[in-house]
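Geometric and topological summary
Chain by chain, the residues run as shown.
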Amino acid sequence: MNKTEAIKATEEFVRQNMAGYDSGHDWWHIERVRRLALYINEQEAAADPFILEVTALLHDSVDSKFAGSETEKGFARIELFMDEIGLTNIKEQVVSVVRNVSFSKKNPSGNLKDPVLFIIQDADRLDAIGAIGIARAFNYGGFRNNKIYNPETEQKSSSTISHFYEKLLVLKSGMNTLTAKRLAIERHEFMEVFLKQFYSEWEFGVPKVKS
Ligand code: ADP
Ligand code: NI
């Protein structure tokens, strides 16, 4: 199998694998992350483009949130698939990046120093902010039946608006690459504008308390 065929086979594997995921983690998320990752790499020339593309395609194929105790089986499935398409030589690298990307919530930096990981982390985080990030957050909140906003109990994880403060507004400062830092600026500002407008509509007609 040549590289083009291997990419096609991986796309097919991912599409089948993700059929049961939520719509914020659908094929189009994978497609956006792939495009962002390849763009970042064009600017930075840090990683092998083929390994980067294969890993970007596979990066959400094992998500512990959805796979539960099946997580290890999920990694084994990826390895088996990579053997089948003749990518045994890169499977160890790809799987350790996928492990570290999916563990990123608990351990943001991990121990792995691999430009493939840094770039995919950035691409994944860029897709969680800006207009698309806002759409994905409210989509996820709806999926979990969370509140849009609750001004009385703005505690941890109580609403999708609180998710902005817990995660989305923090992502900009955690970007690894210069290109992602640059791309994050506009997306971050858009979320700030969105929140400002959101609160102004929410408070409509309520007189401002003088301080
Ligand atoms: P990743 O796929 O990058 O590992 P997650 O699985 O945590 O990240 O999140 C996937 C998407 O769902 C992201 O856009 C994220 O912002 C959003 N999301 C995750 N948790 C919440 C939440 N509690 N409320 C709203 N959106 C969420
Ligand atoms: Ni992702």
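Refer to the structure above for everything that follows.
As a starting point, this report considers the structure included with it. (Residues numbered from 1 in each chain as written. Chains lettered and ligands numbered in written order. Predicted model: local features only at pLDDT ≥ 70, side-chain atom pairs only at ≥ 80, totals over all residues. Heavy atoms only, no water.)

Looking at the packing of aromatic side chains
- On inspection of all chains with the given rule, the structure shows 11 aromatic pairs.
- Both rings, one in Phe-13 and one in Phe-81, keep their centres 4.2 Å apart while their planes meet at 10°; by these two values the pair is stacked. Remark: Phe-81 occurs in helix α5 (residues 71–84) and Phe-13 occurs in helix α1 (residues 3–17); sequence separation between them is 68 residues.
- Classification of Phe-81 by relative accessible area gives buried; the value is 8%.
- With a centroid separation of 5.6 Å and 25° between ring planes, the pair formed by Phe-198 and Trp-202 is classed as stacked. Of the two residues, Phe-198 and Trp-202 both sit in helix α10 (residues 178–202), 4 residues apart, roughly one turn of that helix.
- Using a relative accessible area of 40% as the deciding quantity, one classes Trp-202 as partly exposed.
- Cation over ring: Arg-15 sits above Trp-27, and NZ or CZ is 4.4 Å from the ring centre.
- Directly above the ring of Phe-75 sits Arg-99, whose terminal nitrogen or CZ lies 4.1 Å from the centroid. (Phe/Tyr/Trp six-rings, centres within 6.5 Å; stacked < 30°, edge-to-face > 60°. Helix = DSSP H or I, 4+ residues; strand = E, 2+ residues; numbered from the N terminus. Buried < 20%, exposed > 50% of the residue type's maximum accessible area, 1.4 Å probe, protein only. Lys NZ or Arg CZ within 6 Å of the ring centre and 35° of its normal.)

Description of the coordination of the nickel ion (ligand 2)
- Donor atoms from the polypeptide that bind the nickel ion (ligand 2) are His-29 (NE2), His-59 (NE2), Asp-60 (OD) and Asp-124 (OD), placed at 2.1 to 2.2 Å.
- Coordination at the nickel ion (ligand 2) is irregular, judged from the 4 donor atoms that bind it and the angles of 85 to 176° they form at the metal.
- Site description for the nickel ion (ligand 2): donor spacing in sequence, H-x29-H-D-x63-D. On the criterion of sequence distance, the pair formed by His-29 in helix α2 (residues 27–44) and Asp-124 in helix α7 (residues 115–126) is long-range, its members being 95 residues apart. A single burial state applies to His-29 and to Asp-124, both of which are buried. (Donors = N, O, S within 2.8 Å, 3.2 Å for Na, K, Ca; no water. Tetrahedral: all angles 85-135°; square planar, octahedral: opposite > 155°, others 65-115°.)

With respect to the pattern of salt bridges
- For the structure on display, the rule yields 9 salt bridges.
- In this structure, Glu-11 and Lys-8 form a salt bridge, with 3.5 Å as the shortest nitrogen-oxygen distance. Separated by 3 residues within a single helix, Glu-11 and Lys-8 lie in helix α1, roughly one turn from each other.
- Taking the relative accessible area as the measure of exposure, Glu-11 reaches 14% and is therefore buried. (Salt bridge = Lys/Arg side-chain N within 4 Å of Asp/Glu carboxyl O.)

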